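Report on the structure
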Amino acid sequence: MLYLTSSPRFLSLKNSLPFLSLQKLNYIANNPSLPAKMEPQSSTTLVLCGKTTAENEVAWRLKANNTLKPPDDSPLDIALYSEIENRESIGGGDGFGINSYMSFLSTSRFGKLLIYSPKLASTHDVVSKNFDELPVGAVCVADVQFKGRGRSKNLWESPKGCLLFSFTLQMEDGRVVPLVQYVVSLAMTEAIKDVCRENGIPPLDVRIKWPNDLYLDGLKVGGILCTSTYKSKKFNVSAGIGLNVSNEKPTTCLNTVLQRLGCVTHQLQRGDIMAAFFNKFENFYDIFINQGFQALEELYCKTWLHSGQRVIVQEKNENEEQISETVVTIQGLTTSGYLLAVTDDGQSCELHPDGNSFDFFKGLVRRKLT
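Reading the values: the criteria
Residues numbered from 1 in each chain as written. Predicted model: local features only at pLDDT ≥ 70, side-chain atom pairs only at ≥ 80, totals over all residues. Heavy atoms only, no water. UniProt positions renumbered as here; feature names shortened; annotations may be inferred. Helix = DSSP H or I, 4+ residues; strand = E, 2+ residues; numbered from the N terminus. Buried < 20%, exposed > 50% of the residue type's maximum accessible area, 1.4 Å probe, protein only. Pairing = 2+ DSSP bridges. Salt bridge = Lys/Arg side-chain N within 4 Å of Asp/Glu carboxyl O. Axes fitted to C-alpha atoms, helices over the stretch in contact; angles between N-to-C directions. Parallel < 35°, antiparallel > 145°, perpendicular 65-115°, else oblique. Contact = heavy atoms within 4.5 Å. Nonpolar A, V, L, I, M, F, W, Y, C, P; charged D, E, K, R; others polar. pLDDT = per-residue confidence, 0-100. Left-handed = near helix turned anticlockwise from the far one by under 90°. Core = buried A, V, L, I, M, F, W, Y, C linked by side-chain atoms within 4.5 Å. Disulfide = S-S within 2.5 Å.

Per an unreviewed UniProt entry, the protein goes by Biotin--protein ligase 1, chloroplastic and derives from Sesamum alatum. Its UniProt record gives the protein a comment under Sequence similarities (unreviewed entry), which states: "Belongs to the biotin--protein ligase family."

What follows is the structure, given as structure tokens:
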């Protein structure tokens, strides 16, 4: 996610039984990933593959020039997918489906240069550390990662069955950079529906928990992380996604929910979902850049969990002696990407994360809107 500035005052969200059950809002402890064991890896293997001849030539140059940096201190082994004879053996036979992914991908920019690894520290670190060497839209995907990046520099170990990937973006208008995480979240929820429809199975109702979590049947099944740096008058954005596809623990996953719905003959595949994501994201991103997020906001608010939710915000005064409480109703997003809320007397306000709480909804800073 892109961490946004917060007020020096601390406000916490309290449970109000008539309005809100925080058990359904809280960032649950049993995340789709487990805390990482800080163990070194002997080497990191990266397999490079392109959608067309142009991307395969880029892959060849990256290997020939030996310019890629590893995500950690481990040695780096680079292979070209086009030169591997026994491709079925990659990832132990149950690795990411590169052929299937490339066959379903129909973009003009995003996802066309693929970096695959059976196991690495962090896909996010691969793309962010090699941003200048990679074309915009390049993606890194792994079967397993053991130092995945999370909020507040948390590290996560992600098991097999997760869809784990990060890709590159470049933007010029810094005012809209914080909003790109919402475009990524929306594209993923719509991509999952698309894959379900194409396979003749009931669309899964994956919902967005602001600002960057994905929920299904009340449990977290995924998350989004966007980071950026500013260089040469452009924002270099690394966007990362983690999604529980086949790993039903520690929470649940897409295929487990499908089985509960009676779809026992079909399993969603990570490669199909990632291809559908880029197909959808490229369209949404063009709308976002050309028309603004407002053009996507109606669909976004239909997909998230929060429209009409009423919450109590508790605020201490300047001397921190008295506490005032304000009931607000969440209505949508402000132009800057924060939560838009309205008090019972009709006053509009903007809710910010406080920068301290692990759960965004346990630490909201209120700012009046004029």
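Mapping Val327 onto the fold places it in strand β14 (residues 323-333). Given a relative accessible area of 21%, Val327 falls into the partly exposed group. Taking the C-alpha atoms as reference points, Val327 and Asp345, 18 residues apart in sequence, are found 9.7 Å from one another.

Bringing the pairing of β14 into the picture now. Taken together, the seven bridges between strand β13 (residues 310-316) and β14 define a ladder with antiparallel strand orientation. Note on β14: the bridge partner recorded for Ile312 is Val327. Inspection of the sheet shows β14 paired to strand β15 (residues 339-343) by five bridges, in the antiparallel sense. Of the residues in β15, the one forming a bridge with Thr329 is Val342. Following β14, the chain reverses through five residues before pairing antiparallel with β15; Gly337 in that reversal takes a positive phi of roughly 100°.

Here the focus is the pattern of salt bridges. Inspection of the entire model under this criterion finds 14 salt bridges. As a salt-bridge pair, Glu55 and Lys112 come within 3.8 Å of each other at their nearest N and O atoms. Note that Glu55 is positioned in helix α1 (residues 53-65) and Lys112 in the loop between α2 (98-104) and β5 (113-120), a separation of 57 residues in sequence. What makes Glu55 buried here is its relative accessible area of 14%. Measuring nitrogen to oxygen at the nearest pair gives 2.9 Å for the salt bridge that ties Asp344 to Arg310. Of this pair, Asp344 sits in the loop between β15 and β16 (348-353) while Arg310 sits in strand β13; the two residues are 34 residues apart in sequence, bridging distant segments of the chain.

Turning our attention to the packing of helix α6 (residues 270-291) against helix α7 (residues 294-303). Two measures define how a pair of helices packs: the angle their axes make with one another and the distance between the axes. Here α6 crosses α7 at 130°, and the two axes come no closer than 8 Å. By the criterion of interaxial angle, the relationship of α6 to α7 is oblique. Along its contact with α6, which presents Phe284, Ile287, Phe288 and Gln291, the element α7 presents Gln294, Ala295, Leu296 and Leu299. In the contact of α6 with α7, the residues fall into six nonpolar, two polar and no charged.

With that settled, the discussion passes to the confidence of the model for the protein. On average, residues of the protein score 83 in pLDDT, and 80% of them are at 70 or above. Averaged pLDDT values for the elements of the protein fall to 34 in strand β1 (residues 11-14) and rise to 98 in α6.

α6 packs onto helix α4 (residues 180-198) with a crossing angle of 135° between their chain directions and a minimal axis gap of 8 Å. On the basis of their axis angle, the class for α4 and α6 is oblique. Note on packing geometry: the crossing formed by α4 with α6 is right-handed. Facing Val180, Val183, Val184, Leu186, Ala187, Met188, Glu190, Ala191, Ile192, Asp194 and Val195 of α4, the residues of α6 in contact are Asp272, Ile273, Ala276, Phe277, Lys280, Phe281, Phe284, Tyr285 and Phe288. Considered class by class, the residues forming the contact of α4 with α6 number 16 nonpolar, no polar and four charged.

For the peptide bond that leads from Trp210 to Pro211, omega is 5°, which places it in the cis range. Examined against the element boundaries, Pro211 turns out to sit in the loop between β9 (207-209) and β10 (213-216). Of note, the bond from Lys249 into Pro250 is cis; its omega dihedral lies within 30 degrees of zero at 10°. Mapping Pro250 onto the fold places it in the loop between β12 (234-244) and α5 (254-260). For Asn66, which is not a glycine, the phi torsion comes out positive at approximately 55°. Within the element layout of this structure, Asn66 appears in the loop between α1 and β4 (76-80).

This next bit is on the nonpolar core. Of all hydrophobic cores here, the largest spans 77 residues; its most connected members are Phe165, Phe167 and Phe277. Per element, the largest residue contribution to this core is 11 residues, and it comes from α4. With near-sequence residues (within four places) excluded, Phe165 lies in contact with Thr123, Val139, Cys140, Val141, Met188, Ala239, Gly240, Ile241, Met274, Phe277 and Phe278. Counting 17 residues, the second-largest nonpolar core is a separate cluster that includes Val58, Ile78, Leu80 and Leu134.

Our focus in this paragraph is the state of the cysteines. Evaluated as defined, the whole model comprises zero disulfides. Here Cys196 stays unpaired: no disulfide links it, and the sulfur of Cys263, its closest cysteine neighbor, is 7.9 Å away.

This part takes up the environment of Ile287. Checked against the element boundaries, Ile287 lands in helix α6. Between the alpha carbons of Ile287 and Val183 there is a distance of 9.8 Å; along the sequence they are 104 residues apart. Apart from the residues lying within four places of it in its own chain, the contact partners of Ile287 are Gly292, Ala295 and Leu296.

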